[in-house]
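Here is what each chain is made of, one letter per residue.
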Amino acid sequence: WWWDERVSARFRRNLQPTLTYWSVFFSFGLCIAFLGPTLLDLRCQTQSSLSQITWVFFSQQFCLLIGSCLGGVFKRTLAQSLLALFASSLAISLVFAIIPLCHNVVVLAVVMAVAGLAMGCIDTISNMQLVKIYQKDSAIFLQALHFFVGFGALLSPLIADPFLSDTNCILANGTANASSNLPHIRKSLVPHHPGNLSHYDLPMKGMVVTRVSYAFWIMALINLPVPIAVFFLLYKERMVPCFNGSSHPLLSADELALETRPGDKDELSTAGQRPHTAAGHEDLFSCCQSKNFQGASFTYFAVHITGALVLFMTDGIVGEYSGFVYSYAVEEPLAVVHKVAGYLPSLFWGSITLGRLISIPVSYRMKPAAMVFINVVGVLITFLLLLIFSSSVVFLFVGTASLGLFLSSTFPSMLAYTEDILQYTGCATTVLVTGAGIGEMVLQLLVGSIIHDRGSYSFLVCGMIFGCLAFTFYALLVFFHRMYPKPSPELDEASPDKAAVPEDTGQYQR
């Protein structure tokens, strides 16, 4: 391994749960990226209009946000976390299987809302469980986790592509013009913004000829091993009621004793007899209870808020750039041909996935704070150059790749940095995941309205403004980090969490 023996040994001890959380995040990526390419075929399947079908986008995104907020409800114990992940990953497979049976747009929106809730739970729980397992070593494993969501997001459009309709999938008279522009319409569809596509005559009645059902059934089968892996982890942890007697925990008592400091053994044996709660890690609504505010300093709240605002901006940039870069490219002054412009969103997501892969070894050598600084500065410089060379098609492609690379590791690095500041207490993961989800949804809607009113050039101006705000909030986060009180060594050693979860043991918590 290119990391040290301590981290390598910690990974080996937690190999099965780590791989399980990575695989669950693959489900998240698989589900988050299929809707855009398949939306026109789903429009035909439900015989709905463009404005109606874009509500399906909104239902998924909105419920993803709700699921992220509620995810903390299920992570008070390991059993609740794994049961929630099992239900969520199984729900995604069922959603893929059910989508071809949805012939009404309202039913489809409800099904996608269920998928959004499952994705939100996966997002919050997987991030938090890895932070709980690896704590100060979590950055590298969070980078790998977010690589898998990128890998899933790249795979699902590739699976869907052979089954997408080349011509209008509702056979009716007078559809030649719309049929010839289907690739353009498909790339231009973003949540709640059909834009200026309403003049295309897309029929709502007629014979439906689409093969997209096969794509969803293939994705359901590909995703099926994920809930099986989570179930197997539940079985190994003796959390399946029917099979408690024959299985063994992932970490034996002898190994646990070796990892534990001598003074902590008695406390650990006592803690092992009761369900272990996730101290300090709550759902968003529990975080807002007054008991969590007692004795908290101003900087405690400031770290949560500024960290969430950085991700609000950076994840918002990901959403607005991936949603509108195609529309920006095909309009004046660039006027890129539709087929060439269609490669831009794929290039952007490919760069994000590549950047996350590169960030895995880099995060071991570089502190999360430094990585976030490089990311936000890189985003700023990229948008500045895109504005300067706004008439260059070549630089649009170069800038798109550069932006994807810089944005790729922002979320896991920020999560590792903020949790480290707060000593793995508080509500950092829940607040950051929720902030990122809100940013991706809100900024996409905002930029769509601005582009409609002000023209395509405002797309880059908005990105530059969001980048400046992200850098400003990061600077404030660093400032509040300097002010944040350091924990007392005596209190640190005496705290209940220290006895139950030794900082350097890497044990898998029950």
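The rules behind these values
Residues numbered from 1 in each chain as written. Predicted model: local features only at pLDDT ≥ 70, side-chain atom pairs only at ≥ 80, totals over all residues. Heavy atoms only, no water. UniProt positions renumbered as here; feature names shortened; annotations may be inferred. pLDDT = per-residue confidence, 0-100. Contact = heavy atoms within 4.5 Å. Phe/Tyr/Trp six-rings, centres within 6.5 Å; stacked < 30°, edge-to-face > 60°. Buried < 20%, exposed > 50% of the residue type's maximum accessible area, 1.4 Å probe, protein only. Helix = DSSP H or I, 4+ residues; strand = E, 2+ residues; numbered from the N terminus. Expected span 1.5 Å × (residues − 1). Axes fitted to C-alpha atoms, helices over the stretch in contact; angles between N-to-C directions. Left-handed = near helix turned anticlockwise from the far one by under 90°. Nonpolar A, V, L, I, M, F, W, Y, C, P; charged D, E, K, R; others polar.

Looking at an unreviewed UniProt entry, the protein carries the name MFD4A protein, with the source organism given as Dicaeum eximium. UniProt, in its Sequence similarities (unreviewed entry) section for the protein, records the words "Belongs to the major facilitator superfamily." What UniProt records for the protein under Subcellular location (unreviewed entry) is the sentence "Membrane".

Caption draft 1: Expanded view of the confidence of the model for the protein. Mean pLDDT over the protein: 79, with 75% of residues reaching 70 or higher. pLDDT under 50 marks residues 245-281. Its contacts with residues more than four places away, or in other chains, come to 60 contacts. Long-range and interchain partners of residues 489-510, a stretch whose pLDDT sits below 50, account for 54 contacts in this model, where long-range means more than four residues apart.

Caption draft 2: Focus on the packing of aromatic side chains. Evaluated as defined, the whole model comprises 27 aromatic pairs. Consider the rings of tyrosine 134 and phenylalanine 141, whose centres lie 3.7 Å apart with planes at 15°: the pair is stacked. Both residues of the pair, tyrosine 134 and phenylalanine 141, belong to the buried class. Ring pairing ties together the aromatic residues Phe11, Trp22, Phe26, Tyr134, Phe141, Phe147, Phe148 and Phe151, which thus form one cluster.

Caption draft 3: Inspection of helix 20 (residues 410-421) at higher detail. Look at helix 20: 16 Å from first C-alpha to last across 12 residues, which is about the 16 Å you get at 1.5 Å a residue. The element helix 20 is extensively covered by neighbouring structure, given that 11 of its 12 residues are classed as buried. Among the residues of helix 20, those classed as buried are Thr410, Phe411, Pro412, Ser413, Met414, Leu415, Ala416, Tyr417, Thr418, Glu419 and Ile421. Of the residues one or two after helix 20, glutamine 423 is the one with positive phi, at around 55°.

Caption draft 4: Focus on the packing of helix 15 (residues 298-330) against helix 18 (residues 368-388). Between helix 15 and helix 18, whose axes approach to 12 Å, the crossing angle comes to 35°. The hand of the helix 15/helix 18 crossing is left-handed. Here Thr314, Ile317, Glu320 and Tyr321 of helix 15 lie close against helix 18, whose contacting residues are Val376, Val379, Phe383 and Leu386. Here the residues of the contact of helix 15 with helix 18 sort into six nonpolar, one polar and one charged.

Caption draft 5: Structural detail: the side chain of serine 409. With respect to the helices, strands and loops of the structure, serine 409 is situated in the loop between helix 19 (393-408) and helix 20. By relative accessible area, serine 409 is classed as buried at 3%. In this structure, serine 409 is in contact with Gln143, Ser359, Met371 and Asn375, ignoring residues within four places of it in sequence.

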